[in-house]
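So the chains spell out like this:
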Amino acid sequence: MTTASRTPMRRRRPSLLSPRRRRLVVSILLAALCAAWIYPMLWMVSASLKTNAAIFADPGLIPSEPTIENYFRAWTEARIGAYFFNTLFVTIGSVIIVTVAAAMMGYVLGRRQFPGRGLIFGLLVFTLFVPQGYTIIPVLGLLSAVGLGQSLWGVMLATCGGSFVIFVMLFAGYFNQMPDELEEAARMDGVGMVKTFWFVMLPLSQPIIVTVIVMQTLYAWNDFLLPLVVTLANPAIRTLSVGVYAFKGENFVDWGGMTAASTISILPVVILFLFLQRYFIAGLAGAVKG
Amino acid sequence: MTDAALPARPHRKARRMRQTALVYLFLVPGMMVFGAFILWPLVASEWYSLLDWSGFDANPVFVGLANYRELLGDSYFWDAFRRSFIFMLATVPAQMAISLVLAVMLNDKLLKLSSLYRTLIFLPVVTPVAVIGIVMTLMLSPFNGPVNMALLDWGLTQRTIDFLGSPRLVLWTLAVIYIWKWVGVTMVYWLAALQTVPAELFEAARLDGVTGRQVTMYIVLPMIAPFAVVIALISAISAMNVFPLVQAMTQGGPFYSSEVMEVYIFRTAFASAAGTVPRLGYASAAGVFFGLSIMVLTVFQILALRQARRQGGDQ
């Protein structure tokens, strides 16, 4: 919006606000909006530091008598600690599988001609436009059939399907627009396809890798329906989402414990996003261009 | 690929075969994920929808189209169907507009703290719905909840409002929360689209003495318009997957007034809260029927957009 005013060059038409002033107004607007935007989260963190009695009695954001007792209770009694590691297992496992599988598939789809390529592309695009929440029953049926219907491994594997097609498309598009000379040179040097992929192409696709890691982490960490059904009969393998949800159902007056558990469960993804957000947006932009 | 460019060698054919085999080998892990968790469920749903089946350990009985026939007469199904579409129509346009305004504001590289603002707006996206369920239930609570307290203090209402407990309000409350949660993602899509506008265009416009708003209206927006199609499609399909939010906040209640399609499917397939028998086949039929409706809608959307673009190109 305001990029036109990047240089000190004077505008020809008189304007109400100078570029700098307008930027200031936008800044103030955004700051106010963001404060309101994240108020629920601030309120949540604040409540997690108050005793249950003080949450509604002491409406201020800064607790007058801060306590971290809620966190101990959530971590041990509500088993948020165990759920945390369950979620970590599901997330890390699915991120590894998805990144490797999507990169390999995207590589051959983007750079090789082979019989069946068009068919695979067609299938990928077709499934992109079918909503996913309606396929939970067959997924669960499949997991049950292979004995993973009530296991964390089942959750991890099925979580890989979430946005897989989009990831393959991102990789295929990115590899497709790379100059041919790179592979040409590798072939001249007698380097095989596997090594070319692993040592040349994969390192070059870093922006897409970061995008995929961020998107899959968000998906796995937030996923709810699948872990909910898989863990219905087996509370020990709940993930954080399901654990927090169940906590609400079981201890519906322990708001302090609930908000503490909530805070624990959003912290890792918030930190991850803080560190990777620049690469994430750049990666998506690169993918859009490609 | 370009093997023909290489000088012919005696082992060329063997090498070529190995290359092709390797290509397929590269596809194996991806196709396993795709086949098992994306393609198979789509195919299996159709089959399941023809069965009377009360659980994975029960014996399914083939009943033909009976599930579909029953579905067409089930008013709960049609209510959920309608709600899902209302929800989509209520959220997608607002989500697209709000996120576009935010993205245009935040795309200014000279704006201080813009990456902080981005992160803050993205915060609800990374927050699990279960957490949002807890926080929002607290925030909107009619008993001393901060939102109601504020509304009372400012004199905007005389009585507390039961945002999540009133059958009339609950779907709209959920829609607002949904927009709040997901605007960050759409904003990132717009930001990515904005990166494709070449800087030279801004340069040229500036030299011609065009104002910032004019640049936005006449240069930036038309350039990123093609992306709007894709973003709208993604947003519309996402808006159909609201199960987590609704389940975490209201579980479809009060009195089924926020029961959208996915919640209906979950309830008929798994929920035994009401003491009913799980009906996997019937739930699958609901899923297939709804999935097909959405696909038809998507295809229509794409065709309409193609038409619009073709006409636009003629100008």
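Right, let's talk about the overall build of chain B for a bit. Across its full length, chain B carries 12 helices and 2 strands. Along chain B, helices (α) and strands (β) appear in the sequence α-β-β-α-α-α-α-α-α-α-α-α-α-α when read from the amino end. The globule rule puts the C-alpha radius of gyration for 315 residues at 20 Å, and the 26 Å found for chain B is more than 25% above it. Across its three principal directions, the C-alpha atoms of chain B cover 75 × 65 × 40 Å. Long-range contacts, defined here as pairs at least 24 residues apart, represent 65% of the contacts in chain B between residues at least 6 apart. With an accessible surface of roughly 15,200 Å², chain B has 66% of that area assigned to carbon and sulfur atoms.

Turning our attention to helix α8 (residues 152-159) of chain A. For α8 of chain A, the tally of buried residues reaches 6 of 8 residues, placing the bulk of the element in the interior. All buried positions along α8 of chain A are accounted for by Leu152, Gly154, Val155, Met156, Ala158 and Thr159 of chain A. Buried residues along α8 of chain A sit in contact with α5 (80-111), α7 (136-145), α12 (206-222) and α13 (225-230) of chain A together with α1 (12-48) of chain B. The N-cap residue of α8 of chain A is Ser151 of chain A: its side-chain oxygen and the backbone nitrogen of Trp153 of chain A are 3.0 Å apart.

Glancing now at the pattern of salt bridges. In the structure shown here, the tally under the stated rule is 8 salt bridges over all chains. In this structure, Asp79 of chain B and Arg82 of chain B form a salt bridge, with 3.4 Å as the shortest nitrogen-oxygen distance. Here the residue Asp79 of chain B and the residue Arg82 of chain B both occupy positions in helix α3 (residues 75-106), the gap between them amounting to 3 residues, near one helical turn. Classification of Arg82 of chain B by relative accessible area gives partly exposed; the value is 45%. For the salt bridge of Glu259 of chain B with Arg267 of chain B, the shortest nitrogen-to-oxygen distance reads 2.6 Å. By relative accessible area, which is 2% here, Glu259 of chain B ends up buried. Salt bridges sharing partners connect three or more residues here, namely Arg111, Arg112, Asp180 and Glu183 of chain A.

With that settled, the discussion passes to the interface of chain B and chain A. Counting from both sides, the interface comprises 109 residues of chain B and, opposite them, 100 residues of chain A. Buried area between chain B and chain A, both sides added, is near 9,800 Å², and the carbon and sulfur share of it is 78%. On inspection of chain B and its partner chain A, the count reaches 7 residue pairs in polar contact (both at pLDDT 80 or more). Classifying every residue of the side of chain B that touches chain A by side-chain character gives 75 nonpolar, 24 polar and 10 charged.

All right, on to the environment of Pro115 of chain A then. Residue placement: Pro115 of chain A occurs in the loop between α5 and α6 (117-128). For the pair Pro115 of chain A and Gly190 of chain A, spaced 75 residues apart in the sequence, the C-alpha separation amounts to 25 Å.

It is worth spelling out unusual backbone geometry at this point. Notably, Gln251 of chain B is not glycine yet its phi reads approximately 55°, a positive angle. Positive phi values are uncommon outside glycine, yet Phe255 of chain B reaches one of about 50°.

With 179 residues, the main nonpolar core has Ile80 and Phe164 of chain A together with Phe122, Met261, Tyr264 and Phe270 of chain B as its most contacted residues. The dominant element in this core, judged by the number of residues it contributes, is helix α7 (residues 170-194) of chain B, at 16 residues. Those residues in contact with Tyr264 of chain B that sit more than four places away from it in its chain are Leu71, Asp74, Tyr76, Phe77, Ala80, Glu259, Tyr282 and Ala286 of chain B.

Bringing the packing of α6 of chain A against α1 of chain B into the picture now. Put simply, α6 of chain A and α1 of chain B touch, their axes get as near as 11 Å, and they point 45° apart. Comparing the axis directions of α6 of chain A and α1 of chain B gives the class oblique. Crossing angle aside, the handedness with which α6 of chain A passes α1 of chain B is left-handed. In this structure, α6 of chain A contributes Ile120, Leu123, Leu124, Phe126 and Thr127 of chain A to the contact, and α1 of chain B contributes Leu27, Met31, Phe34, Ile38, Leu39 and Leu42 of chain B. Of the residues contributing to the contact of α6 of chain A with α1 of chain B, the split by class is 10 nonpolar, 1 polar and no charged.

Here the focus is the domain arrangement of chain A. All names here are of chain A. Each domain of chain A was delimited in the assignment, giving domain 1 (20-67) and domain 2 (79-289). Taking only C-alpha atoms into account, the centre of domain 1 sits 32 Å from that of domain 2. Each partner contributes to the interface: domain 1 provides 8 residues, whereas domain 2 provides 9 residues. Summed over both partners, the interface of domain 1 with domain 2 comes to about 600 Å²; 70% of that surface belongs to carbon and sulfur atoms. The largest share of the area that domain 1 buries against domain 2 comes from Met44, Ser48 and Asn52, three residues that together contribute 66% of it. On the surface where domain 1 and domain 2 come into contact, there are 0 salt bridges. Counting only elements with at least two residues in the side of domain 1 that touches domain 2, the list comes to α2 (39-48) and α3 (52-57). The element that contributes the greatest number of residues to the side of domain 1 that touches domain 2 is α2, accounting for 5 residues. Residue composition of the side of domain 1 that touches domain 2, by class: 6 nonpolar, 2 polar and no charged.

Residues and elements named next belong to chain A. Within chain A, residue pLDDT values average 82, and 88% of them lie at 70 or more. Mean pLDDT in chain A bottoms out at α3, which sits at 76, and peaks at α5, which reaches 92. Low pLDDT, under 50, characterises residues 1-12; the predicted model gives this stretch 29 contacts beyond four residues in sequence or across chains.

To continue, consider the packing of aromatic side chains. A full pass over the atoms with the stated rule returns 28 aromatic pairs over all chains. Plain terms: the ring middles of Tyr107 of chain A and Phe175 of chain A are 5.6 Å apart, the flat faces sit at 85° to each other, and that makes the pair edge-to-face. Residue Tyr107 of chain A is located in helix α5, and its partner Phe175 of chain A is located in helix α9 (residues 164-176); the two are separated by 68 residues in the primary sequence. Of the residues examined, Tyr107 of chain A reaches a relative accessible area of 0% and is grouped as buried. By relative accessible area, which is 0% here, Phe175 of chain A ends up buried. With a centroid separation of 5.2 Å and 80° between ring planes, the pair formed by Phe81 of chain B and Phe290 of chain B is classed as edge-to-face. Taken together, the residues span a long stretch of sequence, with Phe81 of chain B in helix α3 and Phe290 of chain B in helix α12 (residues 280-314) at a distance of 209 residues. There is no split in this pair, since Phe81 of chain B and Phe290 of chain B are both buried. Above the ring of Tyr282 of chain B, the side-chain terminus of Arg279 of chain B is found at 4.2 Å from the ring centroid.

Rules and cut-offs
Residues numbered from 1 in each chain as written. Chains lettered and ligands numbered in written order. Predicted model: local features only at pLDDT ≥ 70, side-chain atom pairs only at ≥ 80, totals over all residues. Heavy atoms only, no water. Helix = DSSP H or I, 4+ residues; strand = E, 2+ residues; numbered from the N terminus. Rg over C-alpha atoms; globule rule 2.2 N^0.38 Å. Contact = heavy atoms within 4.5 Å. Areas by Shrake-Rupley, 256 points an atom, 1.4 Å probe, with all protein chains shown as cover. Buried < 20%, exposed > 50% of the residue type's maximum accessible area, 1.4 Å probe, protein only. Polar contact = N/O pair within 3.5 Å; in protein donor to acceptor, adjacent residues only side chain to side chain. Salt bridge = Lys/Arg side-chain N within 4 Å of Asp/Glu carboxyl O. Buried area = accessible area lost by both parts, 1.4 Å probe. Nonpolar A, V, L, I, M, F, W, Y, C, P; charged D, E, K, R; others polar. Core = buried A, V, L, I, M, F, W, Y, C linked by side-chain atoms within 4.5 Å. Axes fitted to C-alpha atoms, helices over the stretch in contact; angles between N-to-C directions. Parallel < 35°, antiparallel > 145°, perpendicular 65-115°, else oblique. Left-handed = near helix turned anticlockwise from the far one by under 90°. Domains from an automatic or database assignment. pLDDT = per-residue confidence, 0-100. Phe/Tyr/Trp six-rings, centres within 6.5 Å; stacked < 30°, edge-to-face > 60°. Lys NZ or Arg CZ within 6 Å of the ring centre and 35° of its normal.

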